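Coordinates in review
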Amino acid sequence: MSRTSAALQPPADAVKPVRHPDAPAPGELLGAHYEQCFGCGGEQPHGLHLEARAGEGVSLTAEFTVQPAHQGAPGLAHGGVLATALDETLGSLNWLLRTIAVTGRLETDFVLPVPVGTVLFLEAEVTAVARRKIYSTATGRIGGPDGPVAVRADALFVEVKVDHFIDNGRAEEIRAAMSDPDQIRRARAFEVNP
């Protein structure tokens, strides 16, 4: 980031993040946290269909291909779509902590335009944890893991209880997710977004 705000600086008592013992193994595909999610859900026809893989420690890699439905200026990815890709990638880190958390703050730097048809490669890691606050960072590169940096972001996620979603979500979708017999899918449905 060119200038990270004070709100994204971990406090002095922050600790190094610890990967949950039940987190997916390095290299394992994380899959969609919720099939209707615009960022990673397979049931969203114009979604990003972002795919994330667990990395070492509390890190991951992800990628998505910019489609014509994702453009802002002719032939270029919309900045909001790129911010969404960063938010989705950063939010997926919480699965490695096995924590339900929502985006509290996201600061994004747009470094290069990203053309339609481009595969954006993202790397993210949790840098610190302070009580309910989770600090993380991500970088998106064009064309490959060693390609030029196109976007960067720093984020603050805040741990919440599942009640946050029950109290604020649409009742019928909450009930459907809560009644899913697959315990992992049920838990992951509530892992990202405010």
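Residues numbered from 1 in each chain as written. Predicted model: local features only at pLDDT ≥ 70, side-chain atom pairs only at ≥ 80, totals over all residues. Heavy atoms only, no water.

What counts here: UniProt positions are given in the numbering used here, feature names are shortened, and annotations may be inferred rather than shown by experiment.
An unreviewed UniProt entry lists the protein under the name Acyl-coenzyme A thioesterase THEM4, with Streptomyces luteolifulvus given as the organism. Listed under Sequence similarities (unreviewed entry) in UniProt, the entry text for the protein is "Belongs to the THEM4/THEM5 thioesterase family."

**As for the overall build of the protein**
For clarity, the threshold we go by: Think of it this way: any DSSP run of H or I at least four residues long counts as a helix, any run of E at least two long counts as a strand, and we number them from the N terminus. Type-normalised accessible area, obtained with a 1.4 Å probe on protein chains alone, sets the label of each residue: buried when under 20%, exposed when over 50%, and partly exposed for intermediate values. Any two residues whose heavy atoms approach within 4.5 Å at even a single point are treated as in contact. Per-residue and other accessible areas were derived by the Shrake-Rupley procedure at a 1.4 Å probe size, with only the shown protein chains allowed to occlude residues.
A count of helices and strands for the protein gives 5 helices and 6 strands. Per-residue burial for the protein yields a buried fraction of 43% across its 194 residues. Sequence separation of at least 24 residues holds for 66% of the intrachain contacts in the protein that already meet a minimum separation of 6. Roughly 9,800 Å² of accessible area belongs to the protein as shown, and the carbon and sulfur atoms make up 53% of that amount.

**Re the pattern of salt bridges**
Stated precisely, the cut-off is as follows: The rule for a salt bridge is simple: a side-chain nitrogen of Lys or Arg has to be within 4 Å of a carboxyl oxygen of Asp or Glu.
This structure, assessed with the given rule, holds 2 salt bridges. Residue D13 is joined to R131 by a salt bridge in which the shortest nitrogen-to-oxygen separation is 2.5 Å. One end of the pair, D13, is in the segment before β1 (51-54); the other, R131, is in the loop between β4 (119-130) and β5 (133-142), and 118 residues separate them in sequence. Residue R131 is classed as exposed on the basis of its relative accessible area of 61%. The partner of E107 in a salt bridge is R105, with the nearest N and O atoms 2.9 Å apart.

**A short note on the pairing of strand β2 (residues 59-65)**
Put simply, the rule reads: For two strands to be treated as a pair, DSSP must find no fewer than two bridges joining them.
By the bridge criterion, 4 bridges tie β1 to β2 in an arrangement that is antiparallel. Counterpart to E51 in the pairing with β2 is E63. Counting the residues in the hairpin turn of β1 and β2 gives 4 residues, including G57, whose phi is positive at 60°. One ladder, built from 7 bridges, connects β2 with β4; its direction is antiparallel. If you follow L60 over to β4, its bridge partner there is A124.

**Details of the sheet that holds β4**
Filter applied, for reference: Lines fitted to the C-alpha atoms define the axes, with helices restricted to the stretch that makes contact. Angles between their N-to-C directions range from 0 to 180 degrees.
On the basis of which strands lie adjacent, the open sheet formed by 6 strands has the order β1-β2-β4-β5-β6-β3 and antiparallel pairing. Both edges of this open sheet fall to β1 and β3 (101-110), since each of them pairs with a single strand only. Between one strand and the next, the sheet's axes are offset by a mean angle of 20°, whatever the strand orientation.

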